[in-house]
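# What the coordinates show
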Amino acid sequence: MSGKAKDILQMDLYGLLGIKNSASAKEIKKAYRQKALTCHPDKNPDNPKAAELFHQLSQALEVLTDAAAKAAYDKICAAKKQAEERNRKLDDKRKKIKLDLEARERQAEAQSQEEVQITRTLEEEIARLREEGSRQLEEEQRLIREQIQRERETQPQTAEYTQRYSGMDRCSKNRVTPKLKLKWKCKKDDETNGGYSQDILLKLLQKYGDILNVILSSKKKGSAVVEFATVRAAELAAKNESGLSGNPLKISWLEGQPEVIAPISQPGQFTSSQGSLTNERDYESVVMMRMRQAAERQRLIEQMQREDEEDSKS
């Protein structure tokens, strides 16, 4: 492309003459004469730019009065206008993307601050629960002692406790409540904890019997301990429960697994004095068991905390 052509393409020929691009040849010539008379070098001897402007007007007249040259010029102007429109739309799109990105960043920052606040609130609630748990334990033990005193005064000494799965086995005063350890697959960053929560575990397991406590590990995801009211309920759960179909449970005994114990006697082999002694021992087992149940919950929480600390170190 010649230098003259480049210069012409840099100019707005229609704007230079003050006409529209649809002007006729007659209108173009008329506009040229009017403009040329005002900027002719002979009329403007003191204006150094007059000659340049007069030259540009002459170029505009040459191009716009020639059909082929005018068509080529109009085509290039139309292409430039389309390119400018595309750039404008692209700039608008980039601007929108930038605004959307900034909005998402603000939203993410706000969500992060909310999560920090929720975490802080949860930590405060856990600390409060631990403190209240100690007070509740003391209160429960006091109520148990009062209940024991009332039962000693009112309950007949001939009561029998012969159920195998009552959790109060006469063969041992140190029997603990049955507990199962539950494990399932869960990634560290999984906020759903593999699909398991305290409520979901309760719904899955309480059909086997009463549940005293469900403790989810606070440091190790995919782990929990469930304390049952009876050995029978724990045994049924360990044998039959598989958990969610998409993420099955692995259940193992933690404490209180039943053992087969041969009977030490048959009905009718005790004298009345031996039967009274046995009933008294049974009653003492029941009393001691009730006192230990409240303390077992606190011990279970401390045990879970120790296991979590050991797992985090390993």
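Residues numbered from 1 in each chain as written. Predicted model: local features only at pLDDT ≥ 70, side-chain atom pairs only at ≥ 80, totals over all residues. Heavy atoms only, no water.

By the naming in an unreviewed UniProt entry, the protein is DnaJ homolog subfamily C member 17, taken from Echeneis naucrates. Database annotation for the protein, UniProt heading Function (unreviewed entry): "May negatively affect PAX8-induced thyroglobulin/TG transcription." (UniProt positions renumbered as here; feature names shortened; annotations may be inferred.)

### Regarding the overall build of the protein
Summing up its helical and strand segments, the protein has eight helices and six strands in all. The secondary structure elements of the protein, listed N-terminal to C-terminal, are α-α-α-α-α-β-α-β-β-α-β-β-β-α. A buried classification covers 26% of the 314 residues belonging to the protein. Taking all contacts inside the protein whose residues are at least 6 apart in sequence as the whole, residues at least 24 apart take part in 69%. Carbon and sulfur atoms make up 51% of the accessible area of the protein, which totals about 22,000 Å². (Helix = DSSP H or I, 4+ residues; strand = E, 2+ residues; numbered from the N terminus. Buried < 20%, exposed > 50% of the residue type's maximum accessible area, 1.4 Å probe, protein only. Contact = heavy atoms within 4.5 Å. Areas by Shrake-Rupley, 256 points an atom, 1.4 Å probe, with all protein chains shown as cover.)

### Regarding the sheet that holds strand β2 (residues 211–216)
Taken in spatial order, the four strands of this open sheet run β2-β3-β1-β6, and their pairing is antiparallel. Across the chains shown, the open sheet's two edge strands, defined by having one partner strand only, are β2 and β6 (250–255). Ignoring which end each strand starts from, the neighbouring axes of this sheet average 20° apart. Bridging between strand β1 (residues 179–183) and β6 involves five bridges; their strand directions are antiparallel. (Pairing = 2+ DSSP bridges. Axes fitted to C-alpha atoms, helices over the stretch in contact; angles between N-to-C directions.)

### Topic: the confidence of the model for the protein
Per-chain confidence: the protein averages 81 in pLDDT, with 80% of residues scoring 70 or above. Within the protein, the lowest mean pLDDT, 66, falls on helix α8 (residues 272–313), and the highest, 94, falls on β1. This stretch, residues 157–173, has a pLDDT under 50; its non-local contacts, to residues over four places away or in other chains, come to 30 contacts. Note on residues 268–273: pLDDT under 50 across the span, and four contacts to partners over four residues away in sequence or across chains. (pLDDT = per-residue confidence, 0-100.)

### Quick notes on the nonpolar core
By size, the foremost hydrophobic cluster in this structure holds 20 residues, and its most contacted members are Leu13, Leu17, Ile19, Ile28, Leu64 and Tyr73. Elements represented by at least two residues in this core include exactly α1 (3–10), α2 (13–17), α3 (25–39) and α4 (50–64). Excluding its chain neighbours within four sequence positions, the residues that come into contact with Tyr73 are Ile8, Leu9, Met11, Asp12, Leu13, Tyr14, Val63 and Leu64. Membership of the second largest hydrophobic core comes to 17 residues, among which are Val214, Ala224, Ala233 and Ala237. (Core = buried A, V, L, I, M, F, W, Y, C linked by side-chain atoms within 4.5 Å.)

### A look at the pattern of salt bridges
According to the stated counting rule, one finds twelve salt bridges in the structure shown. Here Asp100 ties to Lys96 by a salt bridge, and the two come within 3.1 Å at their closest N and O atoms. Linking Asp100 with Lys96, this pair stays in helix α5 (residues 67–154), spanning four residues, or about one helical turn. A residue is classified by how much of its surface remains accessible, and Asp100, at 31% relative accessible area, is partly exposed. Lys96 sits in the exposed class, given a relative accessible area of 51%. (Salt bridge = Lys/Arg side-chain N within 4 Å of Asp/Glu carboxyl O.)

### Thoughts on a negative patch on the surface
Side chains of Glu114, Glu115, Asp189 and Glu191 sit close together on the surface and give a patch of like negative charge. By the secondary structure assignment, Glu191 is in the loop between β1 and α6 (198–205). (Patch = residues over 30% accessible without salt bridge, like charges linked within 9 Å, V, L, I, M, F, W, Y side chains within 5 Å. Lys, Arg positive; Asp, Glu negative; His and termini not counted. Charge placed at Lys NZ, Arg CZ, Asp CG, Glu CD.)

### Regarding the side chain of Ser217
In this fold, Ser217 is placed in the loop between β2 and β3 (223–228). Of note is the side chain of Ser217, whose polar atom sits 3.0 Å from the backbone nitrogen of Lys220. When near neighbours in sequence (up to four residues on either side) are disregarded, Ser217 contacts Ser223, Ala224, Met304 and Asp308. (Polar contact = N/O pair within 3.5 Å; in protein donor to acceptor, adjacent residues only side chain to side chain.)

### What to know about the packing of aromatic side chains
Here the distance between the centres and the angle between the planes together describe a pair of aromatic rings. This structure, assessed with the given rule, holds two aromatic pairs. Where Tyr14 meets Tyr73, the ring centres are 6.1 Å apart and the plane angle is 45°; that geometry is what we call tilted. One end of the pair, Tyr14, is in helix α2; the other, Tyr73, is in helix α5, with 59 residues separating them in the sequence. Accessibility classification places Tyr14 together with Tyr73 in one group, the buried group. Aromatic pair Trp184 and Tyr196: ring centres 4.8 Å apart, planes at 45°, arrangement tilted. One end of the pair, Trp184, is in the loop between β1 and α6; the other, Tyr196, is in the loop between β1 and α6, and twelve residues separate them in sequence. Here the two residues Trp184 and Tyr196 agree in accessibility, since each one is buried. (Phe/Tyr/Trp six-rings, centres within 6.5 Å; stacked < 30°, edge-to-face > 60°.)

### Quick word on unusual backbone geometry
For Asn193, which is not a glycine, the phi torsion comes out positive at approximately 55°. Tracing the backbone through its elements, the reader meets Asn193 in the loop between β1 and α6.

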